[in-house]
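# Structural features, examined
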Amino acid sequence: MTVLNKSNASSFFFILMDLPGLESAHCWTAIPICSIYVLSVLGNVIIMYIVKSVPSLHTPMYLFLSMLSMADLGLSASTLPSMAAVFLLGQRRMEAATCFVQLFFIHTFSVIESAVLLAMAFDRCVAIREPLRYATILTTKRIGAIGLAIVTRSAALHLPLSVLLRRLQFQPVSALAHSYCVHPDVLRLATSRTRVNSGLGLFVMLSTLGLDAMLILLSYVLILKTVLSIASNAERFKAFNTCISHICAVLLFYTPLVSLSMIHRFGKKLPAQVYMLLSYLHFLVPPMLNPIVYSVKTKEIRVRVLKMLHCKKF
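The following paragraphs examine the structure supplied in this document. Keep in mind it's a predicted model, so treat the numbers as computed, not measured.

Reading the values: the criteria
- Residue numbers run consecutively from 1 along every chain, following the written order of its sequence.
- Reporting in this predicted model follows two pLDDT cut-offs: at least 70 for local features of residues, and 80 or more for side-chain atom pairs to be given and counted; totals over whole chains, interfaces and linings ignore these cut-offs and use all residues.
- As a rule here, side-chain values come from all non-hydrogen atoms in the structure, and water together with hydrogens is ignored.
- Here, two cysteine sulfur atoms that lie within 2.5 Å of each other are counted as a disulfide.
- Note on conventions: DSSP H or I runs of at least 4 residues are helices, E runs of at least 2 residues are strands, and numbering of each starts at the N terminus.
- Relative accessible area decides the class of each residue, using a 1.4 Å probe on protein chains only: under 20% of the type maximum gives buried, over 50% gives exposed, and in between gives partly exposed.
- Each reported salt bridge corresponds to a side-chain nitrogen of Lys or Arg within 4 Å of a carboxyl oxygen of Asp or Glu.

Now for the state of the cysteines. Scanning the entire structure with this criterion turns up one disulfide. The partner cysteine of C99 in its disulfide is C181, sulfur to sulfur 2.0 Å. Negative torsions about the S-S bond denote left-handed disulfides, and the value of about -125° found for C99 with C181 makes this one left-handed. Remark: C181 occurs in the loop between β3 (173–175) and α6 (183–187) and C99 occurs in helix α3 (residues 96–129); sequence separation between them is 82 residues. Classification of C99 by relative accessible area gives buried; the value is 0%. Not engaged in a disulfide, the cysteine C125 finds its nearest cysteine sulfur in C243; these two sulfurs lie 8.9 Å apart.

Attention shifts here to the pattern of salt bridges. Applying the stated criterion across every chain, the model contains five salt bridges. Residue R124 pairs with D123 through a salt bridge whose shortest N-O separation is 2.9 Å. Its relative accessible area of 9% is what places R124 among the buried residues. Classification of D123 by relative accessible area gives buried; the value is 2%.

Below you can see the structure in the form of structure tokens.
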């Protein structure tokens, strides 16, 4: 099979992967996947609606929560088209240009979510360490600037990755390892040299997800130091309790990601189902569970959600 001209991205396409061993039952696997998407969209839209419609919630903590919901919606919307095509329609072919566009949005929204989690860690750090200056440090204008910087950083770093992929050569038909396009998966299928793409991809990952994780950890070291210096046990618990929802969101986002990275490095003989399961956990579970976590652990959100459900019931 001859290698195509690297500039003609419309001349080759990718084959999306169904769940290994369940190819004949993709209609049944579509049920839980579609249910996750429905819950993700519904939960995040409710969070955004509550924050927007209640003036008392127009505070830094809840504005950042709205950003997290927007990132979750974007991540769900980025993976949904190809997964719906595979599991609902049995359509596994994806054009190269479409794949590169999806790849850009998946990685961009993933990094946006990571950056929002970092901003939320900074918010909790300021609230606990500098409670008297909290309102003057995190003004609405500064929160808007943080949001703009998050989106700009994510898009600017990932746009070159998609552009550089168009310069590579691929076989006319290449089979991906997932039901959506991600950069490492596409890159491994290239038949030309990928040193520049690999180097840039590693830089982007370390300067976004890696840096964000380190700064989140640093924020919680500072928070823990401050909480332990509080004399009253009740005040310690109250201060730390404000961080529980955010800690859960961080664990939901980073645990599958770190596990996937470790397996790629040290567990290469594991079944393909393990890789796919962790990948699905990383992209599908946080958008679904984040609204649930914040609804359960945050009184203001929980009260508003219960009021909405009560009104709909009657």
